[in-house]
Amino acid sequence: MTDSPTLPEGAGDVLLPIARGAIATRLAGTRTAQISLDAIAAVAGRPPWVLTPGASFVTLTLEARLRGCIGTLSAHRPLGEDVAHNAIAAALHDPRFAPVSEAELQR
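These remarks concern the structure in this document. (Residues numbered from 1 in each chain as written. Predicted model: local features only at pLDDT ≥ 70, side-chain atom pairs only at ≥ 80, totals over all residues. Heavy atoms only, no water.)

1. Observations regarding the pairing of strand β1 (residues 57-62)
Within a regular beta strand, the side chains point alternately toward one face of the sheet and then the other, so they alternate between its two faces.
Now for step 1: The alternating pattern of β1 places Val58, Leu60 and Leu62 on a buried face and Phe57, Thr59 and Thr61 on a face that is not buried.
Now for step 2: Strand direction decides the pairing type here: β1 and strand β2 (residues 65-71), joined by six bridges, are antiparallel. Across the sheet, Val58 pairs through a bridge with Ile70, a residue of β2.
Now for step 3: Connecting β1 to the next strand, β2, in antiparallel fashion are two residues, including Glu63 with a positive phi near 55°. (Buried < 20%, exposed > 50% of the residue type's maximum accessible area, 1.4 Å probe, protein only. Helix = DSSP H or I, 4+ residues; strand = E, 2+ residues; numbered from the N terminus. Pairing = 2+ DSSP bridges.)

2. A word on unusual backbone geometry
Residues other than glycine predominantly adopt negative phi, and peptide bonds predominantly adopt the trans conformation.
Now for step 1: Despite not being glycine, Glu63 shows a phi value in the positive range, around 55°.
Now for step 2: Examined against the element boundaries, Glu63 turns out to sit in the loop between β1 and β2.
Now for step 3: The exposure class of Glu63 is exposed, given its relative accessible area of 61%.
Now for step 4: Its identity is not glycine, yet Ala64 carries a phi of approximately 65°, on the positive side.
Now for step 5: Along the chain, Ala64 falls in the loop between β1 and β2.

Structural data, given as structure tokens:
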């Protein structure tokens, strides 16, 4: 088994806006395949590690309760893109929950 690379301090400050931005963009009507990592990562400054292959799980909560969770086990695309994809999947395609609404997004 190989060691997984660790994320830099403050990685959440970069990845959270990517996840939220991807969900907001998708809820605004943009098709998932058309969501540009450049557009949603611009707010985060897009550090180089966001573009390296990575795997992620995105867990959504609402009022401290699980609202969606989807992830990837192997790194097959840039980490930022993986986070964006999994955020959309957790919000809209977790079979345990109805899709997240725009009203829920702010909560």
